[in-house]
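Reading the structure
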Amino acid sequence: MTTTLRISDTSAPEHRPSILDLTRSELAESMEEMRQPKFRTMQIWQAIYGESAKSFDEMTTLPKLLRANLANAYDVSVLEPMISLHSKEGSVDKVLFKLNDGELIETVLMRYSGRGDSRARRTVCISTQAGCALGCTFCATGQQGFRRNLSAGEIVSQVTHMNEVLAETTGGEERVTNVVFMGMGEPMANYDNTMKAVNILNDDEGIRLGARNMTISTVGLVPQILRLAEEPYQVNLAISLHAPNDRLRSRIMPINARWNIATLIQACRQYIEKTNRRVSFEYVLIAGENDKPVHAEELIGLLDGLLCHVNIIPVNATEARYDRPDQGRIGKFRDLLRRGGIPVTVRIEKGTDINAGCGQLRARAISATD
Ligand code: SAH
Ligand code: SF4
């Protein structure tokens, strides 16, 4: 007989809002309501984002009574690392976190050495939901279903945790330089918390990550793409396209029934017109599915004249048993796009020995308890 882990039953009887869910201006409002002097906001902000305080007790610059009042009102810690893995070649860390209600999410840190004129990067791939409702057939997260949205604090804390990992392992030399919203879940289906997380990550008195160093990846939720075009942040947008025609895309991405390729590309056109920013298209390459020369030709036609870049991602193996094309076929697909005038890169694979693909570690952790 098999048993299943009932994730949401495992912890946290009490649920206070987290102070990590507040932007700096919301924290200032909260301090005003608590009749605190203005400088308290910066003291608390510094304690959280400068000194990595994990409880109000550690915020020794605050009076004791205020610490007690804050502890009654707010949680400070929202993530607990359950499993941490380090890839063999040393460039990838992956962490499975437990949230305060027992849900599980994954975060990946990738270290890229600088080559030529590109600078070394420390990129964190973060989750925005526990699970995902959108059911893409090749995606381990999509196959696990939806649990819940993450709060802004739960999104931001994945980055601060990786900043702490980097600080510990490099004697404070290294920090996270880039954030990609490409972990578990669909960021645009958790729009408000995602944008709040961008605000907090971007804050110039806190984590100080440039918006241009953040990339939000979406399955293609059209209204939210248009909304993002109106935001003040210069974040990058990546679209998970994965197929050059509706028949193929609908087969692997159920969302295509709601917003088809023509509607999606039209939204991208509007986004580019409004922002003048280049859009990235993600294309998971699956053997025998979307990797034929005719698909490359269709893709060239589709993206013709768009300010864009294509990232080819050879598919990671999941339960669905899709196969990755061989190197020759991947190279041919890339060359066809290049010859068709489309800027293209094949994404460098990292951490396959530690299940670095989206949702794969959580799936393994749960099935290990069966
Ligand atoms: N929901 C968003 C962001 C999370 S998924 C989105 O779909 O864009 C991040 C990226 O990982 C997407 O481009 C997604 O299609 C890709 N991905 C999912 N499963 C994969 C797999 N098995 N192999 C390679 N890439 C995968
Ligand atoms: Fe959700 Fe993105 Fe996975 Fe599709 S690829 S199921 S949208 S996380």
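Data block above holds the structure.
First, a word on what this report is: a plain description of the structure on this page. (Residues numbered from 1 in each chain as written. Chains lettered and ligands numbered in written order. Predicted model: local features only at pLDDT ≥ 70, side-chain atom pairs only at ≥ 80, totals over all residues. Heavy atoms only, no water.)

**Quick look at the overall build of the protein**
Within the protein, the regular secondary structure consists of eleven helices and twelve strands. Relative to its 370 residues, the protein shows a buried fraction of 53%. Across the protein, contacts joining residues at least 24 apart in sequence account for 66% of those joining residues at least 6 apart. Roughly 17400 Å² of accessible area belongs to the protein as shown, and the carbon and sulfur atoms make up 47% of that amount. (Helix = DSSP H or I, 4+ residues; strand = E, 2+ residues; numbered from the N terminus. Buried < 20%, exposed > 50% of the residue type's maximum accessible area, 1.4 Å probe, protein only. Contact = heavy atoms within 4.5 Å. Areas by Shrake-Rupley, 256 points an atom, 1.4 Å probe, with all protein chains shown as cover.)

**Considering the sheet that holds strand 3 (residues 104-112)**
Reading across from one edge, 1-2-3-4-7-8-9-10-11-12 is the order of the ten strands in this open sheet, with mixed pairing throughout. Pairing within the sheet leaves two strands with one partner each, and these edge strands are strand 1 (79-86) and strand 12 (344-346). Taking each pair of neighbouring strands and ignoring which way they run, the sheet shows an average axis angle of 20°. Relative to strand 11 (residues 308-314), strand 10 (residues 279-285) is paired through seven bridges, and the arrangement is parallel. By the bridge assignment, F281 is partnered in strand 11 with V310. (Pairing = 2+ DSSP bridges. Axes fitted to C-alpha atoms, helices over the stretch in contact; angles between N-to-C directions.)

**A look at helix 4 (residues 152-170)**
For helix 4, with 19 residues, the first-to-last C-alpha span of 27 Å sits near the 27 Å given by 1.5 Å per residue. Counting buried positions along helix 4 gives 14 out of 19 residues, so the element sits mostly inside the fold. (Expected span 1.5 Å × (residues − 1).)

**A short note on the packing of helix 1 (residues 24-33) against helix 2 (residues 39-49)**
Where helix 1 meets helix 2, the closest approach of the two axes is 9 Å, and the angle between their N-to-C directions is 130°. In this view, helix 1 runs oblique relative to helix 2, as classed from their interaxial angle. Here the hand of the crossing between helix 1 and helix 2 comes out right-handed. Only R40, T41, M42, I44 and W45 of helix 2 make contact with helix 1, whose side of the interface consists of R24, L27, A28 and M31. Residue classes in the contact of helix 1 with helix 2 are distributed as six nonpolar, one polar and two charged. (Parallel < 35°, antiparallel > 145°, perpendicular 65-115°, else oblique. Left-handed = near helix turned anticlockwise from the far one by under 90°. Nonpolar A, V, L, I, M, F, W, Y, C, P; charged D, E, K, R; others polar.)

**Brief notes about the pairing of strand 9 (residues 236-240)**
Taken residue by residue, a regular strand's side chains alternate between the two faces of the sheet. For strand 9, the tally of buried residues reaches four of five residues, placing the bulk of the element in the interior. The pairing of strand 8 (residues 214-218) with strand 9 spans four bridges and is classified as parallel. When the bridges of strand 9 are listed, S217 appears paired with A238. Viewed along the sheet, the connection from strand 8 through helix 6 (residues 222-228) into strand 9 turns out right-handed. By the bridge criterion, four bridges tie strand 9 to strand 10 in an arrangement that is parallel. By the bridge assignment for strand 10, L237 is matched with V279. (Right-handed = clockwise from strand over helix to strand, strands pointing away.)

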